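Spelled out from the first residue to the last, the chains are:
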Amino acid sequence: MIVAKTGNEAMAYAMKQVNPDVVAAYPITPSTEIVQIFSSYVADGLVDTEYVAVESEHSAMSACIGAAAAGARAMTATASQGLALMHEMLFIASGLRLPIVMCVVSRSLSSPLNIHCDHSDSVASRDAGWIQIFCESSQEGYDSVIQAVKIAETIYLPVIVAIDGFILSHCMDRIEVLKDTQVQNFIGKFKPNYSLLDVENPITVSPACLPDSYFEHKRAQAQGMNEALPVIEKVIADFAKEFGRNYPVLEGYRIDDAEVVVMVMGSTVGTARVAVDEMRRNGKKVGMVKLRVFRPLVHQRIKAILGRFKVVGVLDRVESVNSYVSPLTTEIRSALYDLNPKPIVPSYVYGLGGREITPEDIMDVFDQLLTMKAKGKMPDEVTYIGVR
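Every chain begins its residue count from 1, and numbering advances along the sequence as written. Reporting of local features is limited, given that this is a predicted model, to residues whose pLDDT is at least 70; pairs of side-chain atoms are given and counted only at 80 or more, and all residues count toward the totals for whole chains, interfaces and linings. For side-chain calculations, the full set of non-hydrogen atoms in the structure is used, while hydrogens and water are omitted.

**Q** Where do I start with the pairing of strand E3 (residues 50-53) in this structure?
**A** Side chains on a regular strand alternate between the two faces of the sheet. Across four bridges, strand E2 (residues 22-25) lies against E3 in parallel orientation. The partner of Val 22 across the bridge, within E3, is Glu 50. In the classification by handedness, the crossover that spans E2, the intervening helix H2 (residues 32-43) and the parallel E3 is right-handed. Pairing between two strands requires that DSSP report at least two bridges joining them. To qualify as a helix, a DSSP run of H or I must reach at least 4 residues; to qualify as a strand, a run of E must reach at least 2; elements of each kind are numbered from the N terminus. With strands facing away from the observer, any crossover in which the path from the first strand over the helix to the second runs clockwise is taken as right-handed.

**Q** Can you walk me through helix H1 (residues 7-18) in this structure?
**A** An α-helical turn contains 3.6 residues, so a residue and the one three or four places further along point in the same direction. Across its 12 residues, H1 extends 17 Å between first and last C-alpha, which sits within 8% of the 16 Å expected from 1.5 Å per residue. By the criterion of burial, H1 is predominantly enclosed, with 11 of the 12 residues buried. Every buried residue belonging to H1 is among Gly 7, Asn 8, Ala 10, Met 11, Ala 12, Tyr 13, Ala 14, Met 15, Lys 16, Gln 17 and Val 18, and all of these are buried. Directly after H1, the chain includes Asn 19, whose backbone phi takes a positive value near 55°. One less than the number of residues in a helix, times 1.5 Å, gives the span that helix is expected to have. Using a 1.4 Å probe on the protein chains alone, a residue whose accessible area is under 20% of its type maximum counts as buried, one over 50% counts as exposed, and one in between counts as partly exposed.

**Q** What's the story with the state of the cysteines in this structure? I'm lost.
**A** Where two cysteines share a covalent bond between their sulfur atoms, that bond is called a disulfide. Disulfide assignment relies on a single distance test, namely cysteine sulfur atoms paired within 2.5 Å. One pass over the structure, following the stated rule, counts zero disulfides. Cys 135 supplies the cysteine sulfur nearest to Cys 103, a cysteine that is in no disulfide, at a spacing of 9.0 Å. By relative accessible area, Cys 103 is classed as buried at 0%. Lacking any disulfide linkage, Cys 117 is separated from the closest cysteine sulfur, that of Cys 171, by 11 Å. Residue classification places Cys 117 among the buried residues on the basis of a relative accessible area of 1%.

**Q** Teacher, can you tell me more about the environment of Glu 381 here?
**A** Tracing the backbone through its elements, the reader meets Glu 381 in the loop between helix H14 (359-375) and strand E15 (383-384). Put simply, Glu 381 and Ser 326 are 55 residues apart on the chain and 9.7 Å apart in space, counted from C-alpha to C-alpha.

**Q** Could you clarify how one ought to interpret the nonpolar core in this entry?
**A** Soluble globular proteins: nonpolar side chains tend toward being buried together. Core analysis: the biggest nonpolar cluster contains 107 residues, and Met 61, Ile 131, Tyr 142 and Leu 306 have the highest contact counts within it. The contact rule is simple, with two residues in contact once any of their heavy atoms fall within 4.5 Å. With residues near it in sequence (within four places) discarded, Tyr 142 still touches Ala 10, Tyr 13, Ala 14, Gln 17, Ile 175, Glu 176, Val 177, Leu 178, Val 183 and Arg 245. Put simply, buried Ala, Val, Leu, Ile, Met, Phe, Trp, Tyr and Cys residues joined by side-chain atoms within 4.5 Å make one nonpolar core. Counting 24 residues, the second largest nonpolar core, distinct from the first, contains Ala 272, Val 276, Val 286 and Phe 366.

**Q** Sorry if this is basic, but what is going on with the sheet that holds E3 here?
**A** With mixed pairing, the seven strands of this open sheet are ordered in space as E3-E2-E4-E5-E7-E6-E12. Each edge of the open sheet is held by one strand with a lone partner, namely E3 and strand E12 (293-295). Neighbour-to-neighbour, the strand axes of this sheet turn through a mean angle of 20°, independent of strand direction. Sheet topology note: the strand E5 (residues 101-106)/strand E7 (residues 159-164) ladder contains six bridges and is parallel. Opposite Val 105, over in E7, you have Ile 163 as the bridge partner. A fitted line through C-alpha atoms serves as each axis, taken over the contacting stretch for helices, and the angle formed by two N-to-C directions is quoted from 0 to 180°.

**Q** What exactly am I supposed to notice about the side chain of Gln 147 here?
**A** Its place among the elements puts Gln 147 in helix H7 (residues 138-155). Those residues within four positions of Gln 147 in sequence are excluded, and the remaining contacts are Phe 186, Val 235, Ile 236, Phe 239, Tyr 247 and Arg 292.

**Q** I'm lost on the pairing of E5 in this one. Help?
**A** Counting buried residues along E5, six of its six residues qualify, which places the element largely inside the surrounding structure. Residues Val 101, Cys 103 and Val 105 line one face of E5 and the alternating positions Met 102, Val 104 and Ser 106 line the opposite face, and both faces are buried. Of the pairings in the sheet, the one linking strand E4 (residues 74-78) to E5 comprises four bridges and is parallel in character. Looking at E5, one finds that Thr 76 is bridged to Met 102.

**Q** Any chance you could explain the sheet that holds strand E9 (residues 250-253) here in plain terms?
**A** Backbone-to-backbone hydrogen bonds join strands into a sheet, with any given pair of strands oriented parallel or antiparallel. With mixed pairing, the six strands of this open sheet are ordered in space as E9-E11-E10-E13-E14-E15. Each edge of the sheet is formed by a strand with only one pairing partner; in this case those strands are E9 and E15. Bridge count for strand E13 (residues 311-316) against strand E14 (residues 347-349) is three bridges, and the pairing is parallel. Looking across to E14, one finds that Leu 315 is bridged to Tyr 348. Relative to the sheet, helix H13 (residues 327-336) contacts strand E10 (260-264), strand E11 (286-291), E13 and E14, its axis offset from that of E13 by approximately 150°.

These figures capture arrangement, not role.
Quick look at the structure:
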């Protein structure tokens, strides 16, 4: 069925079709609509969910952790300072291997106060042990929420599904939604890894671990993330086979004969496609690589796809402030480090606080990359797009 929905509406509708046992949330712009709309589904009796209105985002994640540890299917949504306030609890959710799914509407972090899009909030949580999926479109956001439930409940790790604030969250788009029965059949019945309410099999959850055991716990958690990629790709493949929409973890666009490429995450992928097409019309061999799954970082795929290019420009919608280059550039350079020869990987930061990026901006980046290819060198520092 084709419907007109904003990104927030699409994600809320996906949550309705998942029909989780518990949703705990505290509203924050621009993600407020997701839980607001979902609460109306609860009030109208369209879902069986226990909706918990809490006093903060920290409490929202705490409630989700408690619910999931008791064996419930738990979900929430947040953005920006809300995700930052959850930061402590994100590590606990992943350390306990709880399959919580969280919709994140990416927004800048204060200060100064800004309610518009960049990836500061999502990327700041990259080491919290959550799988992270960045979506190009509202359709992808809808589909990814459904996929995330199955991924989380197969590998027993929590998942963030991120869409760009306002650019996707508040813009109406054409969305193809599934039937409720199709969603339920795809995700299957929830089988918790453990339950605190299982009196026949009592367990201790999150005990104090001293040096003789803590390391082993963290190593096992890391192994879970190391084993997540095959699960993610199987869920993607199953979804594509069932419903005809495929979202690779790493996707190339017009890269077969490209001389230089850019790597992008989120809604800017669509802008980059337009820029690539225009450059191609001008006879310039350029391409784009979309990174959909940011965690776990698919380093072997990155190496296989990007290793053959002489120049890879990384466009990052976050400023790490005290690092040498932007976060995504650091990741890509690390993944390509042991190649010989290895690509030149210049770092670009764009779109902070919702600053617009146009196809012309990306075309200008391509011209710079082609010049770097000819000269064999790149700038020593980050290049900021759209600010002087």
